[in-house]
Amino acid sequence: MESTYLQQSIRSLRKSAKRLASSTEKERNQLLQMIGEGLRRDWESIKDANERDILQAKESGQREALVKRLVFNDEKLHASLLGLEQVASLPDPIGSIKQRRELDEGLLLEQIVVPIGVIGMIFEARPDALIQIASLCLKSGNGIILKGGKEAFQTNTVLVESIKKSCESSRLGSDWLLLLESHSDVDTMLGMEGDIDLLIPRGSNAFVRYVMDNTSIPVLGHADGICHLYIDAKADITKAVEIAFDAKTQYPAACNAIETVLVHKEIAPRVLPLLAERFSEAGVIIHGDEQTCKSIDCIPYQEGDWKKEYLALEINIHVVESLSEAINHIETYGSHHSDAIVSEDDDSVRTFFAGVDSADVFANCSTRFADGFRFGLGSEVGISTAKIHARGPVGLEGLMTTKYLVRGSGQVVSSYTKDGGRSFSHQDLPLDGPSMLGEEVL
């Protein structure tokens, strides 16, 4: 879009977002249902557009990992429809009360949950992510500006057209949703700090860093997904091998797929051959340290391998002396995304849980569970490795903020000074019942 026109469109979207924020839960849930029905209605057009995107990506020599992310097939449609249903079934976040307190007689305070406002989402070539993001923003009452990868442009365009068509009969309209077209649109968006409240970039480390360095708008997200699985000395070997296989091969292009397996030296002689055999069934290329190379056929470790995010059927294996060394390795080379331990020893699990500083930490299960839908959040706009505001899979809660409401009956602060004679009671009150906004936010 031309820069001035885009700015006007975003400012118009901000006004529409305020209407969305003041809508009823029933209106938003009905619209989520209508969007799901629309996706079924428009499936043939969506499928055709996706097939064209995939063909172009292959012809232009795009990486296999990107092509896999680009696919929007019947399975992805089914998952998207389930996600819409789950988001609709979640409690309404708007207007819920986090705190209610009597400051003094006739002076009441409430902290209520409200939408952030307008969110700018820049995401990779995953069309199903568009549906997840749009559904969460609709449910949470936020306006959404979408910029998908150019490889998925045709699919994204048809998806947005379908969503907007489904919105035509709703009072909420479709102006709360905007799809950007070009890379230059992103630069315009980065400069609109007065109109956009939060940016969520999903892509390469370099791209996320570019966004952070070129905007004063708050940024939420993660760059790398360098995830680890540690197989402890007291692990169930059969369980460990299957978890490692799933965490690497179930969807290797995902940011929560493991890139390094750490194996305790005591169990390594038994585990390594079984890992090699299982990984070979999926064609996984193994990069191993010196001790691993002595046990199995693999590519010798080269400087920098521990920091690689393969996003493909490749993996590192590193033999460690202890649980402590494993935790230190994860701290040094990991991206604080998702890491797991396999162990039958409760003390080792607790030590791993406490010592690994990642957004998602698992024991005796695959890192691929790091997902908003699998966590019961309905969907996610991404996984955050930040420690402020939201961390881990970001669902509805991560798209909300709060504000304080205070209702008095003529009180003034001077009455509460040393000479004023009054004092605060600060008595916490039950959270149930309607807020100061009423039972519905209108």
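Residues numbered from 1 in each chain as written. Predicted model: local features only at pLDDT ≥ 70, side-chain atom pairs only at ≥ 80, totals over all residues. Heavy atoms only, no water.

(A) Inspection of the environment of proline 127 at higher detail. For proline 127, the location among the structural elements is in helix 6 (residues 127-140). If near-sequence neighbours (up to four positions away) are discounted, proline 127 is found in contact with Asn50, Arg69, Leu70, Phe72, Ala152, Thr155, Asn156 and Leu159. (Helix = DSSP H or I, 4+ residues; strand = E, 2+ residues; numbered from the N terminus. Contact = heavy atoms within 4.5 Å.)

(B) Geometry of the pattern of salt bridges. Counted by the stated rule, this structure contains 22 salt bridges. Of the charged contacts in the structure, one is a salt bridge between arginine 28 and aspartate 92, with a shortest N-O distance of 2.9 Å. One end of the pair, arginine 28, is in helix 2 (residues 25-41); the other, aspartate 92, is in the loop between helix 5 (74-89) and strand 1 (97-104), with 64 residues separating them in the sequence. Taking the relative accessible area as the measure of exposure, arginine 28 reaches 1% and is therefore buried. (Salt bridge = Lys/Arg side-chain N within 4 Å of Asp/Glu carboxyl O. Buried < 20%, exposed > 50% of the residue type's maximum accessible area, 1.4 Å probe, protein only.)

(C) Here's a closer look at the sheet that holds strand 10 (residues 299-300). Within the open sheet, the seven strands sit side by side as 10-9-11-8-7-12-13. Their pairing is parallel. Each of the sheet's edge strands pairs with one partner strand only, and the pair in question is strand 10 and strand 13 (360-363). Where strand 9 (residues 285-288) and strand 11 (residues 314-320) come together, four bridges link them in parallel fashion. Looking across to strand 11, one finds that histidine 287 is bridged to asparagine 316. (Pairing = 2+ DSSP bridges.)

(D) How the structure looks around the packing of helix 2 against helix 5. Put simply, helix 2 and helix 5 touch, their axes get as near as 9 Å, and they point 170° apart. On the basis of their axis angle, the class for helix 2 and helix 5 is roughly antiparallel. Across the interface between the two elements, Asn29, Leu32, Ile35, Gly36, Leu39 and Arg40 of helix 2 pack against Leu77, Leu81, Leu84, Glu85, Val87 and Ala88 of helix 5. Grouping the constituent residues of the contact of helix 2 with helix 5 by class yields eight nonpolar, two polar and two charged. (Axes fitted to C-alpha atoms, helices over the stretch in contact; angles between N-to-C directions. Parallel < 35°, antiparallel > 145°, perpendicular 65-115°, else oblique. Nonpolar A, V, L, I, M, F, W, Y, C, P; charged D, E, K, R; others polar.)

Spatial relationships are all this shows, so hold off on functional conclusions.
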